[in-house]
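A closer look at the structure
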Amino acid sequence: MAGRMVDISKRWGFHGVEALKNASPGYKMLMGLFALLALAGVAVGFQGMFVGYHHVYGVTRQISWGLLISTYIFCVVTSTGLCIISSIGHVFGGEAFMPIAKRAVFMSIMFMFGGFCIIFFDIENPFRMAIWNVFSPNFVSNMWWMGTLYGMYLVFMIIEYFFLLEQNHSLSRLMGFFGLVVGIAAHSNLGAVFGMLHGRPFWYGPYLPIYFIFSAAMSGGCAILFFTTLGWRINPEIMNQRMERAVKAVTQVTIFLISVIIFFTIWKIITGMVSEGKQLVIMSFLTGDYSINFWVFEVFLGMFLPLYLLIRSRGNNFNLILTATGLMMIGIFFMRYDIVIPGQMESVYHSLGVVEEANLLTYTPSFHEIMVSLFGIGVIGLAYFAGEKMLNGHQLEKHEIVPEGGYICPGCGAIHFMEEGETEEDAMKRHHRIW
Amino acid sequence: MKFPKINFDNLKNEGTESVTAQERRKFLKLGLAVAGVYAGGKILSLTSIVGTAHASGGGVDLVKRYPYNPHYSMVIRQSLCIDCEKCVDACKSTNHVPDDGYRTRILTKKYSGTLDKQVEFIPVLCNHCNNAPCVRACPTRATYKDPVTGIVRMESKKCIGCKTCMLACPYDARYFSVERRAVDKCDFCWEERLSKGETQTGCSSACPTGARTFGNLTDPDNIVYKLVHQLEEQVWVLRPADDTKPNIFYMKGNMRSVDNILNEQKFKFSAPQKS
């Protein structure tokens, strides 16, 4: 049995818990910090659940989706984006993108899981959801589709990751394709959860489902760059020629996608300014309460600074890429927040001109909401840092870990196994059979 | 193609006596039904007559076309509301609404520079829309349109508390009730009153001025039917652009024409040439 375990760990390139033990004290402290965040978050979350969310959360009757929903969206957008960008390589065969696949799929699963952790503390009756989602489905509800499709997406991604570890490229490609289709369907449904609410002009329309997909791709590119360059800081050995080429390719795609999102944002602002239902909210972005969120975080940190820095980096200055994408992750978080909260700021009775609803509604995240969000972030961070060590930096072509009978594929850089009497070329053909 | 020149000033008045009252009525109904308007003025899409009117070829037998029977509905005569909030209190005690929530409330609208009054009160509650956004949005069908009465009701045990319905509602009619562990809303007092044989909701029976009139829209003798099916005074709904086809109708409601209708006085038209 033990021999078998060793065999699998070799085959999958695991370093196991040993790697964590050998990590530097600083690294252990960093992991401890994230573990502490996660633990504190989950404790505060359960305390809130026990006391009653209405006492501890900042959400109200009229602003009923707050920080938790926007952090959930941040997580699932990033997860879908990681899937979209990595699929360019291992699903559609863009060779330059292939080396990023393992880390991207791993992080995609973790972001999805982190998102579910957060939503668990947002939904009032999460246990009922498991029952009635199955026994009383509403097929015209976007919420139902979003939840169901994201559940399927998580399953597909886990199976895909298993096949990536197994070096079974045919099946991992098939699962990656299903995961991509389901993920995009789920994610555009998430946009439609907002986009199909008639009473909320700031959200209503086809804009959000479309925007969500492009925005996800941008977040995915950003996240891949961030986690890859951070992985390089942790263990410089993960960088090699093929990985450098992959980072360059992802940088180019991300630059393009940031430009697309700038374009989206410009037209959102301009069309919103002439729309009766959106104008107030848009003005609060430009000059009002949300102007710091919008100008500093969303526009400067989320778009223009990373665009400039990524262009400056030329795709090979990894420190610059790390800075740019790190800032961009913060900016993207505010982008999500600026979709969820402002959409509810204008009361449905505002247009009636009544005294009670004359002002825009306000929302401030409460301590509990912040802690529960940090629970999700802590889980993701912990998973990332543990993964970098235990999974040996998600490497594919490190000579020490190539097991017997395996070889490094010159095409994809992965480890392939030859069956008996098979040449390397035949093995490569078998692994890269197109479906 | 040339347009014929018509000099309107010199046209002879054909008079109205040549048109029978029946034809006149049919014409009116046709026009109103096609336009989706059934209550004088430029308003709204009242209930779901709109979708079916074209097929009926002239909007006759309108009564049969209300999708529910009894089709419960409320007409709010806005000018009669004095903001005494007895309806809100009655609602709270009837339906055990917690202090931090409400199923109905009264909004205040202030005016300046008007001669008759400076303030107006607008009671709001669930509109029991025929095309209810909350029913579509609910992932587990915990909220549904009652197939008989058209009341939008909750099946609390199915509510997962995702709060999508609260955001989908364009009338802010929903809140999360901790006691029920589900979203709570107005059910026209179905559970506490109507299902027990009463004919009025808590709020409408508590209203001292008759601002809230509750009834059955399919019954031609019902006050609600009469108030909606008249041309003299404008009837409107809140947020018509959302196309929810609500069942709460608003009117000023203090004109003599309304009293005439309620006193069953027939509509008279004048024929100037006969006088």
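Bear in mind the structure is a predicted one, so any value in this text is a computation, not a measurement. (Residues numbered from 1 in each chain as written. Chains lettered and ligands numbered in written order. Predicted model: local features only at pLDDT ≥ 70, side-chain atom pairs only at ≥ 80, totals over all residues. Heavy atoms only, no water.)

Topic: helix α3 (residues 86-95) of chain B
Because an α-helix packs 3.6 residues into every turn, residues spaced three or four apart end up facing the same way. Residues and elements named next belong to chain B. Within α3, burial applies to C87, V88, A90, C91, T94 and N95. Projected down its long axis, α3 shows its buried positions confined to an angular sector of 165 degrees, all on one face. Backbone geometry just after α3 places H96 at a positive phi near 55 degrees. (Buried < 20%, exposed > 50% of the residue type's maximum accessible area, 1.4 Å probe, protein only. Helix = DSSP H or I, 4+ residues; strand = E, 2+ residues; numbered from the N terminus. Arc of directions from axis to C-beta.)

Let's talk about the packing of helix α6 (residues 101-122) of chain A against helix α10 (residues 207-234) of chain A
Residues and elements named next belong to chain A. Where α6 contacts α10, the two axes come as close as 10 Å, and the packing angle between them is 115 degrees. Considered as vectors, α6 and α10 are oriented roughly perpendicular to each other. When the axes of α6 and α10 are compared, the crossing they make is right-handed. Touching R103, A104, M107 and F111 of α6 are I224, F227, T228 and G231, all from α10. Considering only residue class, the contact of α6 with α10 consists of five nonpolar, two polar and one charged. (Axes fitted to C-alpha atoms, helices over the stretch in contact; angles between N-to-C directions. Parallel < 35°, antiparallel > 145°, perpendicular 65-115°, else oblique. Left-handed = near helix turned anticlockwise from the far one by under 90°. Contact = heavy atoms within 4.5 Å. Nonpolar A, V, L, I, M, F, W, Y, C, P; charged D, E, K, R; others polar.)

Describing the packing of aromatic side chains
One pass over the structure, following the stated rule, counts 40 aromatic pairs over all chains. The interplanar angle of 80 degrees and the centroid separation of 5.1 Å between the aromatic rings of F120 of chain A and F121 of chain A together place this pair among those described as edge-to-face. On the basis of relative accessible area, F120 of chain A is assigned to the partly exposed category, the value being 24%. Relative accessible area serves as the criterion here: at 1%, F121 of chain A is assigned to the buried category. Between F188 of chain B and F214 of chain B, the aromatic rings sit 4.9 Å apart at their centres with planes inclined by 70 degrees, giving edge-to-face as the arrangement. You can see F188 of chain B sitting in the loop between β7 (182-185) and α6 (202-206) and its partner F214 of chain B sitting in strand β8 (residues 212-216), a full 26 residues away along the chain. Classification of F188 of chain B as buried rests on a relative accessible area of 2%. In this structure an aromatic cluster arises from ring pairing among Y27, F34, F74, F111, F226, F227, F297, F333, F334, Y384 and F385 of chain A. Cation over ring: K268 of chain A sits above Y211 of chain A, and NZ or CZ is 6.0 Å from the ring centre. (Phe/Tyr/Trp six-rings, centres within 6.5 Å; stacked < 30°, edge-to-face > 60°. Lys NZ or Arg CZ within 6 Å of the ring centre and 35° of its normal.)

Thoughts on the nonpolar core
Counting residues in each nonpolar core, the largest one holds 130 residues, and the members touching the most others are W65, I73, F111, Y150, L190, F194 and W203 of chain A. Contact partners of I73 of chain A, with chain neighbours within four places excluded, come to L190, F194, F212, R336 and V340 of chain A. F121, L125, I151 and F188 of chain B belong to the second-largest nonpolar core, a separate cluster that totals 44 residues. (Core = buried A, V, L, I, M, F, W, Y, C linked by side-chain atoms within 4.5 Å.)

Observations concerning the environment of V105 of chain A
Residues and elements named next belong to chain A. Its location among the elements puts V105 in helix α6. C-alpha separation for the pair V105 and S87, spaced 18 residues apart in sequence, amounts to 9.1 Å. Beyond its immediate chain neighbours, meaning those up to four positions away, V105 contacts S86, H90, M157, E160, Y161 and L164.

Thoughts on unusual backbone geometry
Located in the positive-phi region is R314 of chain A, a residue other than glycine, with phi close to 55 degrees. For K245 of chain B, which is not glycine, the phi torsion reads 50 degrees and is therefore positive.

Here we look at the interface of chain A and chain B
On the side of chain B, 46 residues touch chain A, which itself brings 40 residues to the contact. Roughly 3,800 Å² of surface becomes buried between chain A and chain B when both sides are summed, with 53% attributable to carbon and sulfur atoms. Note that K163 of chain B and E124 of chain A form a salt bridge whose closest N and O atoms lie 3.1 Å from each other. Scanning the region where chain A abuts chain B turns up 36 residue pairs in polar contact (both at pLDDT 80 or more). (Buried area = accessible area lost by both parts, 1.4 Å probe. Salt bridge = Lys/Arg side-chain N within 4 Å of Asp/Glu carboxyl O. Polar contact = N/O pair within 3.5 Å; in protein donor to acceptor, adjacent residues only side chain to side chain.)

Points about the side chain of R193 of chain B
Residues and elements named next belong to chain B. Tracing the sequence through the fold places R193 in the loop between β7 and α6. Side chain to side chain, R193 and E198 meet in a polar contact 2.8 Å long. Ignoring anything within four residues of it in the chain, the contact list for R193 reads T94, E198, Q200, T201, G202 and S205.

Focus on the confidence of the model for chain A
For chain A, mean pLDDT is 85; residues scoring 70 or higher make up 91% of the total. Within the model, the stretch residues 1-6 of chain A combines pLDDT values under 50 with zero contacts to residues more than four positions away or in other chains. (pLDDT = per-residue confidence, 0-100.)

A short note on the sheet that holds β8 of chain B
Residue and element names in this part refer to chain B. An order of β8-β1-β9 is seen for the three strands of this open sheet, with the pairing classed as mixed. Of all the strands in the sheet, just β8 and β9 (248-251) have a single pairing partner and so form its edges. Ignoring which end each strand starts from, the neighbouring axes of this sheet average 25 degrees apart. Across five bridges, the pairing between strand β1 (residues 72-77) and β8 is antiparallel. Within β8, the position partnered with Y72 by the bridge is N216. (Pairing = 2+ DSSP bridges.)

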